[in-house]
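Descriptive analysis of the structure
The residues making up each chain are set out below.
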Amino acid sequence: MVSDLSIAINKKHLVITVTGQYEYWDFIKYPGQILDACNNHGVYKVLIDVRPIKAKDIAMIELFFIGEKIAEVLTSKVKLAIVWKKEALSEFLVDVASNRSASLRVFETPK
């Protein structure tokens, strides 16, 4: 793994920070880890900050598969808010996940 996921609980939601270098195979596994953390803590709202990730251009096909995996694993049960650098924002990822019934929004800053 070239990226790392750290999980903390903040009252009514989980706060997850992803650090390191972007690696598709890491990101495709994260929805399962997020669901496990939600089930363990009984909390189904998640704020995930991926701004610390170092990434070059992410291929659209990778975003597609990550969006599919988010929808498949997290379904509409987990409400996911992602904080991502503006240049890395991808409405495509949101569209893919949302069109498959995932509850996902992307923000430039944590609120």
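These notes cover the structure that comes with them. Not measured: the values here are computed from a predicted model. (Residues numbered from 1 in each chain as written. Predicted model: local features only at pLDDT ≥ 70, side-chain atom pairs only at ≥ 80, totals over all residues. Heavy atoms only, no water.)

Looking at the packing of aromatic side chains
Definition in use: Any Phe, Tyr or Trp ring, taking Trp's six-membered ring, that has another such ring centre within 6.5 Å forms a pair; planes under 30 degrees apart are called stacked, those over 60 apart edge-to-face, and the others tilted. In this scheme, a residue with accessible area under 20% of its type's maximum is buried, one over 50% is exposed, and one in between is partly exposed, where area comes from a 1.4 Å probe on protein chains only.
All told, the structure shown has 5 aromatic pairs when counted by the stated rule. Taking 5.5 Å as the distance between ring centres and 75 degrees as the angle between the ring planes, the aromatic pair formed by Phe64 and Phe65 counts as edge-to-face. Residue class for Phe64 comes out partly exposed when judged on its relative accessible area of 22%. An aromatic cluster of three or more residues is present, and its members are Tyr22, Phe27 and Tyr30.

A word on the pairing of strand E1 (residues 3–10)
Which entries qualify depends on this criterion: Two strands are said to pair when DSSP picks up at least two bridges between them. Secondary structure elements are defined from DSSP: runs of H or I of at least 4 residues count as helices, runs of E of at least 2 residues count as strands, and each element is numbered from the N terminus.
Sheet topology note: the E1/strand E2 (residues 13–20) ladder contains 8 bridges and is antiparallel. Each residue of the ladder has a partner; that of Asn10, found in E2, is His13. Connecting E1 to the next strand, E2, in antiparallel fashion are 2 residues, including Lys11 with a positive phi near 55 degrees.

With respect to the sheet that holds strand E4 (residues 79–83)
Pairing between the strands of a sheet comes from backbone hydrogen bonds, and it takes one of two forms, parallel or antiparallel. The condition that has to hold: To get an axis, fit a line to the C-alpha atoms, keeping to the stretch in contact for a helix; angles then go from 0 to 180 degrees between the N-to-C directions. We call two residues contacting when some pair of their heavy atoms lies within 4.5 Å.
Reading across from one edge, E1-E2-E3-E4-E5 is the order of the 5 strands in this open sheet, with mixed pairing throughout. Unpaired on one side and paired on the other, E1 and strand E5 (103–107) mark the two borders of the sheet. Each neighbouring strand pair of the sheet contributes to a mean axis angle of 20 degrees, computed without reference to strand direction. Pairing geometry for strand E3 (residues 45–49) and E4, over 5 bridges, is parallel. Within E4, the position partnered with Lys45 by the bridge is Lys79. Helix H1 (residues 24–41) rests against E1, E2 and E3 of the sheet, and its axis sits at about 20 degrees to E1.

Some words on the packing of helix H2 (residues 60–74) against helix H3 (residues 91–98)
For clarity, the threshold we go by: Helix crossings are classified by the rotation of the near helix relative to the far one: an anticlockwise turn of less than a right angle makes the crossing left-handed, while a clockwise turn makes it right-handed. For this scheme, ten residues count as nonpolar: Ala, Val, Leu, Ile, Met, Phe, Trp, Tyr, Cys and Pro. Four count as charged, namely Asp, Glu, Lys and Arg, and the remainder, Gly too, count as polar.
One way to put it is that H2 packs onto H3 with a least axis distance of 8 Å and a crossing angle of 35 degrees. The hand of the H2/H3 crossing is right-handed. In this structure, H2 contributes Met60, Leu63, Phe64, Ile66, Gly67, Glu68, Ile70 and Ala71 to the contact, and H3 contributes Phe92, Leu93, Val96 and Ala97. Here the contact of H2 with H3 is built from residues that sort into 10 nonpolar, 1 polar and 1 charged.

Let's talk about the environment of Arg100
Note the threshold: Distance and chemistry together define a polar contact, namely a pair of N or O atoms within 3.5 Å, with one atom able to donate a hydrogen and the other to accept it when in protein, and with adjacent residues in sequence counting only for side-chain atoms on both sides.
Among the structural elements, Arg100 can be located in the loop between H3 and E5. Separated by 24 residues in sequence, Arg100 and Ser76 have C-alpha atoms that sit 9.0 Å apart. One polar contact links the side chain of Arg100 to the main-chain carbonyl oxygen of Val96, over a distance of 3.0 Å.

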